[in-house]
Amino acid sequence: MTNKISEKDKKDWEDFVSNSEKLPNKDSTQNKKKDFKIRSIDLHGYTLDEANKFIEDIIIQSHQEKINKLIVITGKGIHSQNEKDPYVSKDLGILKYSVPEFISNNNNLMKIIYEMKDAKIEDGGSGAFYIFLKKKNL
């Protein structure tokens, strides 16, 4: 490598230094994160019909409010009284199974939902699930 600076490099440097145009700060533009909004819903104490109506309303409202992620806490069904009733399904009467099933079968809700999946342990584990909503079109 040579220590000599070419005339072209000198001219380019002088042009750069004398130019009043500011360079964009890449650090500040790349660190801007999108607003990621999360809402948590607890369905403990709701009947199946109440929970389904509530979750339908809250999903639609959250989509309109540009919420990105819903954490839905259903509980694990440990205290459910379904085991005592022989005419009720032991699983499908429990909110843990019924609410996601209700959402999956509702075409209007599925149009605004990007993904549903089980929650991480810190958000409720097997007693909760996530709903990721699609971006609201303007």
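Sequence order as written defines the numbering, with residues in each chain counted from 1. Owing to the predicted nature of the model, reporting of local features is limited to residues with pLDDT of at least 70; listing and counting of side-chain atom pairs is limited to 80 or more, with chain, interface and lining totals taken over all residues. Only hydrogens and water are set aside; all other atoms, that is, all heavy atoms of the structure, feed into the side-chain values.

A.B. asks: Could you clarify how one ought to interpret the overall build of the protein chain in this entry?
C.D. replies: The helix count covers DSSP runs of H or I at least four residues long, the strand count covers runs of E at least two residues long, and both are numbered beginning at the N terminus. Broken down by element type, the protein chain carries 5 helices and 4 strands. Reading the secondary structure of the protein chain in the N-to-C direction produces α-α-β-α-β-α-α-β-β. Relative to its full complement of 138 residues, the protein chain shows a buried share of 28%. Long-range contacts, defined here as pairs at least 24 residues apart, represent 61% of the contacts in the protein chain between residues at least 6 apart. Surface accessibility in these figures is a Shrake-Rupley result with a 1.4 Å probe; residues are shielded only by whichever protein chains are displayed. About 10,900 Å² of surface is accessible on the protein chain, with carbon and sulfur atoms providing 51% of the total. Burial classification: accessible surface area is computed with a 1.4 Å probe over protein chains only, and a residue below 20% of its type maximum counts as buried, one above 50% as exposed, and the rest as partly exposed. The contact rule is simple, with two residues in contact once any of their heavy atoms fall within 4.5 Å.

A.B. asks: I tried to follow the environment of Gly-75 on my own but got confused; where do I start?
C.D. replies: Within the secondary structure layout, Gly-75 lies in the loop between strand E2 (69-73) and helix H4 (95-104). Separated by 54 residues in the primary sequence, Gly-75 and Phe-129 place their C-alpha atoms 9.9 Å from one another. Setting aside anything within four residues of it in sequence, one finds Gly-75 in contact with His-44, Lys-96, Ser-126 and Gly-127.

A.B. asks: How do you make sense of the pattern of salt bridges when you look at a structure like this?
C.D. replies: Opposite charge on two side chains lets them pair, provided their charged atoms get close. We define a salt bridge as a side-chain nitrogen of Lys or Arg found within 4 Å of a carboxyl oxygen belonging to Asp or Glu. This structure, assessed with the given rule, holds 5 salt bridges. Here Lys-11 and Asp-15 are joined by a salt bridge, their closest N and O atoms 3.3 Å apart. Here Lys-11 pairs with Asp-15, and both are found in helix H1 (residues 7-18), just 4 residues apart, close to one helical turn. A relative accessible area of 39% places Asp-15 in the partly exposed class. The salt bridge involving Arg-39 is made with Glu-65; its shortest N-O contact spans 2.4 Å.

As far as function goes, none of this settles anything; it's purely spatial.
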